[in-house]
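This is what each chain is made of:
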Amino acid sequence: MRLTQLRSFYAVARMGSFTGAAEHLHVSQPTITTQVKFLEERYGVELFHRRGRSVKLTELGEQLMQLAQPIFSLEADAVLLLDDAGELRSGHLRVAAVGPYHVTKVLVNFNQQFPGIKVSVTTGNSQDVLDRLLDYSADVGVLAQLVRDDRFVSVPFSRHPIVIFTPSSHRFARRRSIRLAELQGERMIFREQGSTTRKAFDSALEKAKVKPEVVMEIASREVIREAVIQGIGIAAVSAVEYVPGPGLHMVQISDAELYTYAHVVCLAERREMRMIRAFFDTIVPDVQVRKSGR
C-alpha cells in the first residue's frame with residue numbers, strides 16, 4: 001500500500017464522495033477512484049458502500065479511517081512547519097472546550113497575537129474534549145478539571161470561586177455572603193455527578209458536615225438558572241459561569257476556599273507543534289507547565 005492510495009481513501013472518507021475528494025486533492029476523479037479500487041482489490045475488502053454519488057464507510061473503512069487520521073494530522077503539522085517557518089501567518093487551530101466561559105479570554109489573546117490563524121471551537125463535556133484530542137479532530141482543549149493521564153499535558157491558567165445564586169425572593173438575597181453551615185437543610189439544585197463544580201462543592205460540604213436538601217440534579221446550567229428563578233431552590237455555580245439577570249442574586253461563601261480551575265490541555269506528543277505551542281504561549285498559567293497526574 002502506498003501513501004497516495006491511503007490519502008485518496010482518507011479524502012473520500014472525509015469529503016463523503018469521490019468528486020469531493022478529487023476537488024480537495026486537486027486531482028482527477030478517475031485517479032481517486034483507481035487508488036481506492038486498488039486498495040479494495042489488493043486486499044479483497046470493501047471500504048465504502050456506494051450510494052449514487054455519495055459513499056458511506058464500511059465497518060472496516062471506519063477502522064482504517066481511525067488509523068489514517070493521526071497520519072495525516074501529523075503530515076499537516078509537518079507541512080505547516082516547513083511552509084511557514086517564520087511567523088504563524090496562516091493556519092487553522094481547532095479548539096474543543098467544555099463551555100464558552102473558560103475559553104473566551106484565551107481565544108481573544110491568541111487572536112490578537114495571530115490574527116491570520118483561523119480558529120474553530122466545538123463544545124462538549126470533558127470526555128468529549130479528550131476524545132477529540134485523542135482522535136486528532138482537535139488540537140487543544142479547555143477543561144474545568146485536571147486530567148490525570150500522562151498522554152496529556154495540562155496547564156492551569158485561571159481560578160474562579162464557587163458562589164451561591166438565589167431567587168430575589170430568598171432570604172439570602174438580602175446578603176452579600178453566607179457561611180457554608182447556613183446551607184444545612186437548604187433546598188438546593190445540584191449539577192450532575194461528575195461536574196467539576198459539583199465535585200468541589202460536595203467535598204466542601206462533606207468536610208464541613210453540612211447536608212442541604214437536594215431537590216433536583218440537572219446537567220444544564222441554563223435549566224438550573226431557570227429553576228432557581230422559579231424558586232425551586234438555590235444553586236452553586238462557578239463565578240465565571242454565573243449569568244446575572246432579573247430575579248437572581250449572587251452570594252459569596254465567606255468561610256470556605258471553594259474554586260474551579262480552567263486548564264488548557266493537549267496531547268503530550270503534540271505539545272511542541274508550532275501552532276499548539278503558540279497557543280500555550282498566549283496564556284499566563286497560575287503554575288508551571290506540568291504533565292497531568294504528576
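Just so we're clear, the structure is a prediction, and the values are computed from it rather than from any experiment. (Residues numbered from 1 in each chain as written. Predicted model: local features only at pLDDT ≥ 70, side-chain atom pairs only at ≥ 80, totals over all residues. Heavy atoms only, no water.)

*Asks:* Run through the overall build of the protein chain, naming residues and quoting values.
*Replies:* A tally of helices and strands in the protein chain yields 9 helices and 13 strands. The C-alpha atoms of the protein chain give a radius of gyration of 24 Å, which is well past the 19 Å a tight globule of 294 residues would have. Considering only intrachain contacts with a sequence separation of at least 6, the fraction spanning at least 24 residues in the protein chain is 75%. Here the protein chain displays about 15,900 Å² of accessible surface, and carbon together with sulfur accounts for 51% of that area. In the protein chain, the 38 positive side-chain charges and the 33 negative ones have mean positions that sit 2 Å from each other. (Helix = DSSP H or I, 4+ residues; strand = E, 2+ residues; numbered from the N terminus. Rg over C-alpha atoms; globule rule 2.2 N^0.38 Å. Contact = heavy atoms within 4.5 Å. Areas by Shrake-Rupley, 256 points an atom, 1.4 Å probe, with all protein chains shown as cover. Lys, Arg positive; Asp, Glu negative; His and termini not counted. Charge placed at Lys NZ, Arg CZ, Asp CG, Glu CD.)

*Asks:* Give a detailed account of the packing of aromatic side chains, specifying residues and quantitative values.
*Replies:* By the definition in use, this model includes 8 aromatic pairs. For the pair Phe 9 and Phe 48, a centre-to-centre distance of 5.4 Å together with 45° between the ring planes defines the contact as tilted. With a gap of 39 residues between them, Phe 9 in helix α1 (residues 3-15) and Phe 48 in strand β1 (residues 48-51) connect regions that are remote in the sequence. Taken individually, Phe 9 and Phe 48 each receive the classification buried, so the pair is uniform in this respect. (Phe/Tyr/Trp six-rings, centres within 6.5 Å; stacked < 30°, edge-to-face > 60°. Buried < 20%, exposed > 50% of the residue type's maximum accessible area, 1.4 Å probe, protein only.)

*Asks:* Can you break down the side chain of Thr 166 residue by residue, with the values?
*Replies:* Examined against the element boundaries, Thr 166 turns out to sit in strand β6 (residues 152-167). Thr 166 sits in the buried class, given a relative accessible area of 0%.

*Asks:* Tell me about the pairing of β1, and please be specific about residues and values.
*Replies:* Bridging between β1 and strand β2 (residues 54-57) involves 4 bridges; their strand directions are antiparallel. The residue bridging Phe 48 from the neighbouring strand is Leu 57, located in β2. Where β1 folds back onto β2 in an antiparallel hairpin, the turn is made up of 2 residues, including Gly 52, whose phi is positive at roughly 65°. (Pairing = 2+ DSSP bridges.)

*Asks:* Which residues make up the nonpolar core, and what are the values?
*Replies:* Formed by 25 residues in total, the largest nonpolar core has its most connected members in Phe 110 and Phe 279. Mapped by element, the contributors of at least two residues to this core are β3 (92-97), α5 (100-113), β5 (140-143), β6, β12 (259-267) and α9 (274-281). If one sorts the elements of this core by residue count, α9 sits on top with 5 residues. (Core = buried A, V, L, I, M, F, W, Y, C linked by side-chain atoms within 4.5 Å.)

*Asks:* Please provide a residue-by-residue account of the side chain of Gln 5, values included.
*Replies:* In this fold, Gln 5 is placed in helix α1. Residue classification places Gln 5 among the buried positions, given a relative accessible area of 7%. Engagement of the side chain of Gln 5 in a polar contact is seen with the backbone nitrogen of Arg 2, the distance being 2.9 Å. Look past the residues within four positions of Gln 5 in its chain and what remains in contact with it is Gln 35, Phe 38 and Leu 39. (Polar contact = N/O pair within 3.5 Å; in protein donor to acceptor, adjacent residues only side chain to side chain.)

*Asks:* Give a description of unusual backbone geometry that names residues and reports values.
*Replies:* The residue His 26 is not glycine, and still its phi comes out positive at about 60°. For His 26, a relative accessible area of 73% gives the class exposed. For Lys 209, which is not glycine, the phi torsion reads 60° and is therefore positive. With respect to the helices and strands, the residue Lys 209 is situated in the loop between α7 (196-208) and β9 (213-218). Classification of Lys 209 by relative accessible area gives exposed; the value is 71%.

*Asks:* I'd like a rundown of the pattern of salt bridges, residues and numbers included.
*Replies:* Going through the model one piece at a time under the given rule, you end up with 16 salt bridges. Of the charged contacts, one joins Arg 50 and Glu 40 as a salt bridge, the two residues approaching to 3.0 Å between their closest N and O atoms. Placement of the pair is Arg 50 in strand β1 and Glu 40 in helix α3 (residues 29-43), with a sequence separation of 10 residues. Note on Arg 50: relative accessible area 43%, which makes it partly exposed. Judged by its relative accessible area of 10%, Glu 40 falls in the buried class. Residues Glu 272 and Arg 277 are paired through a salt bridge, measuring 3.8 Å at the closest nitrogen-oxygen approach. (Salt bridge = Lys/Arg side-chain N within 4 Å of Asp/Glu carboxyl O.)

*Asks:* With reference to specific residues and values, describe α1.
*Replies:* In a regular helix each residue adds 1.5 Å, so 13 residues correspond to 18 Å; α1 covers 18 Å between its end C-alpha atoms and thus fits that length. Looking at α1, one finds that the buried residues are Gln 5, Leu 6, Ser 8, Phe 9, Tyr 10, Ala 11, Val 12 and Ala 13. Those residues of α1 that are buried lie in contact with α2 (18-25), α3, β1, β2 and α4 (59-83). (Expected span 1.5 Å × (residues − 1).)

*Asks:* Which residues make up the packing of α1 against α4, and what values go with them?
*Replies:* Between α1 and α4, the least distance of the axes is 10 Å, while the angle of their chain directions is 110°. One finds that α1 runs roughly perpendicular with respect to α4. Across from Leu 3, Leu 6, Arg 7, Phe 9, Tyr 10, Ala 13 and Arg 14 in α1, the residues of α4 making contact are Gly 61, Leu 64, Met 65, Ala 68, Gln 69, Ile 71, Phe 72 and Glu 75. Taken together, the residues of the contact of α1 with α4 sort by class into 10 nonpolar, 2 polar and 3 charged. (Axes fitted to C-alpha atoms, helices over the stretch in contact; angles between N-to-C directions. Parallel < 35°, antiparallel > 145°, perpendicular 65-115°, else oblique. Nonpolar A, V, L, I, M, F, W, Y, C, P; charged D, E, K, R; others polar.)

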